[in-house]
Amino acid sequence: MQKKQVRTRYAPSPTGNMHIGNLRTALYGYLIAKSSGGKFILRIEDTDQSRFCEGAVDLIYDTLDKVGIVCDEGPKNPGKFGPYVQSERLDIYRNHAKKLLDSGDAYYCFCTEERLQSLKNDDEFAGYDRRCRNLSPSLIKKKLHDRVPYVIRQRVPLEGYTSFVDSVYGSVTICNKEIEDQILVKADGYPTYNFANVVDDHLMGITHVVRGCEYLTSTPKYNLLYESFNWEKPLYVHLPLILGKNKDGSTEKLSKRHGAVSFKDLTDLGYLPGAIINYVAFLGWCPVENREIFSLEDLVTVFSVERIGKSPAVFDYDKLNWFNSEYIKLMSDDVFYNLSEPFVKKALKSSDYNFRKISSLLKGRISNFSEIKEKIDFLNECCDYSKELFINKKSKSGLESSQIVLKKSMDILEKIENFSHESVFDNLKKLASDLGVKINTVMWPIRVALSGLSATPGGCTDLLEILGKDESLRRIKKAIGMF
RNA sequence: GGCUCGUUGGUCAAGAGGUUAAGACGCUGGCCUCUCACGCCGGAAACAUGGGUUCGAUUCCCGUACGAGUCACCA
């Protein structure tokens, strides 16, 4: 028998942003499909009319594109299972609901929402008391004729158990009486997610249903539906939750209150798509080998469902920062320059700088492009600082020595015609030996005078080169005035 | 509350019935160094808990605690 081709799907609602949890679901679905040469499908689940958001589909495509996930079939590149937008498949759901109605696996329910609301506080019938489960055919006919609004509900067995084997969580069993006669078709004629999902997954040949584990306990409902239709059930892959950390250290489902949680939020902050996807892949999964840096292509070759964990993972910005800095270090100088240049230009008031030089100093010192401004802001204007900053034990720099160094270096630097890195460094080195001190003792006070900071990207000579002779001398002169 | 799932350092996590219980982030000591960073070498830090099963359990089973998910005409 020929092995069935793996087909997975990512089925987001077009609500306008791509949460990191959704991204991971998409990623794992993609990896499961691609690691076995299968197909990855994008389907838009817009059955909730009220939540539709214009442009959301573009955003989804854009996000997938940025991280390198290509879907083999979707609204913009339909295959033979279309349409790929649920609101365009209404007839399909209606026909399937009709089949269930005919077979008795579903029934009309004419209850008003108000009546159902009043049941909410009733322990026995928390959601629905199945009042319409056994209406007589004639009554149904009459209500239909009178155009009484209705929904279509699934007739769930009152007794017994339904179990399934999840690829991650193993065997899960739910008592049927815990399962409500869920709504399949809403009063507005649209199917619910639960129904459309099953119909589409079957019709589109989905073999692995990959989704968050918030669906774990409702999976039996889906399986009951598959059974009613006499369809082959898919394999389920439920993913552990992603948690966010609160200020007090407690954790809960990751949400906006924890900071940036959508892909766009993260890229806006300067995180690289590759780093994001790499980090997200490690939230609930890890490879056999002890390695962490993986491109999407690498992930495809090493991914396996068996290694997905069961316990929820806390989203950690520190670790994301680390991934991002690793990706930055991995970049060629040219790529880094191209990406950092806009940030550098934006941070500096004058365009009279050697951006290439500044950029080269930044690489290896930032974990995120948004850190650039604070790192080089001192170039615009020397920070305010106290004289105490000239005192540094490790560099053997004190107030007295600083004063001498500053004055002498002023004279020396003034005389240098070609203000290059090499000549500046050589001259200052000579000054150190003339004074009989270590080079740090010379470099420290000058660097402080140039920046007003104890730590700067690049050393004293780098700063002299970047600021140029005139500005450097101006800043040193000002420093001398402090004594 | 009912049902379902989970629990290895602060975080991500590997791991096997017998290990000195990996590794990474973060924190931290040192080296390198014209500061910082990078890099390199170290350090602190964990198997929730009570019962079994077993010669031996952190690993298997049961209970408890804690955490999470779910109980919509949302997905």
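Residues numbered from 1 in each chain as written. Chains lettered and ligands numbered in written order. Predicted model: local features only at pLDDT ≥ 70, side-chain atom pairs only at ≥ 80, totals over all residues.

### Concerning the sheet that holds strand β4 (residues 151-154)
The three strands lie next to each other as β3-β4-β7, forming an open sheet whose pairing is antiparallel. Single-partner strands in this sheet number two, and they are β3 (106-109) and β7 (183-185). When the angles between neighbouring strand axes are averaged without regard to direction, this sheet yields 45 degrees. Of the pairings in the sheet, the one linking β4 to β7 comprises two bridges and is antiparallel in character. The residue bridging arginine 153 from the neighbouring strand is isoleucine 183, located in β7. (Pairing = 2+ DSSP bridges. Helix = DSSP H or I, 4+ residues; strand = E, 2+ residues; numbered from the N terminus. Axes fitted to C-alpha atoms, helices over the stretch in contact; angles between N-to-C directions.)

### A few points about the domain arrangement of chain A
For chain A, the assigned domains read domain 1 (89-239), domain 2 (243-330), domain 3 (332-378) and domain 4 (382-483). Each of domain 1 and domain 4 has a C-alpha centre, and these two points are 76 Å apart. (Domains from an automatic or database assignment.)

### Some points on the environment of tyrosine 385
Mapped onto the secondary structure, tyrosine 385 falls in the loop between α14 (372-376) and α15 (399-415). Judged by the 17 C-beta atoms lying within 10 Å of it, tyrosine 385 is partly exposed. It is 8.7 Å that separates the C-alpha atoms of tyrosine 385 and valine 448, two residues lying 63 residues apart in sequence. Setting aside its immediate chain neighbours within four residues, tyrosine 385 contacts Val448 and Gly452. (Buried ≥ 20, exposed ≤ 12 C-beta atoms within 10 Å, placed from the backbone. Contact = placed C-beta atoms within 7 Å.)

### Overview of the confidence of the model for chain A
Looking at chain A, the pLDDT average stands at 92 and 98% of residues meet or exceed 70. With pTM at 0.92, the complex prediction returns an ipTM value of 0.94. (pLDDT = per-residue confidence, 0-100.)

### As for helix α17 (residues 439-451)
An ideal rise of 1.5 Å per residue puts 18 Å on 13 residues; α17 measures up with 18 Å between its terminal C-alpha atoms. Across the 13 residues that make up α17, a large majority, eleven, are buried. On its buried face, α17 is in contact with α15, α16 (421-435) and α18 (460-480). Once α17 ends, the next one or two residues include glycine 452, with phi positive near 75 degrees. (Expected span 1.5 Å × (residues − 1).)

### Re the pairing of strand β9 (residues 235-239)
For β9, the tally of buried residues reaches four of five residues, placing the bulk of the element in the interior. Across five bridges, the pairing between strand β8 (residues 208-212) and β9 is parallel. Residue pairing for β9: histidine 208 is matched across the bridge by leucine 235.

### Observations regarding the protein's contact with RNA strand B
Residues in close proximity to RNA strand B total 61 residues, the closest being Ala187, Tyr193, Ser311, Gly459 and Cys460. Every element with two or more residues in the surface near RNA strand B is listed here: α4 (113-119), β6 (170-175), β11 (251-253), β12 (313-314), α11 (317-330), α17 and α18. For the surface near RNA strand B, the element with the highest residue contribution is α17, accounting for four residues. Among the residues forming the surface near RNA strand B, the class breakdown is 25 nonpolar, 19 polar and 17 charged. (Near = placed C-beta within 6 Å. Nonpolar A, V, L, I, M, F, W, Y, C, P; charged D, E, K, R; others polar.)

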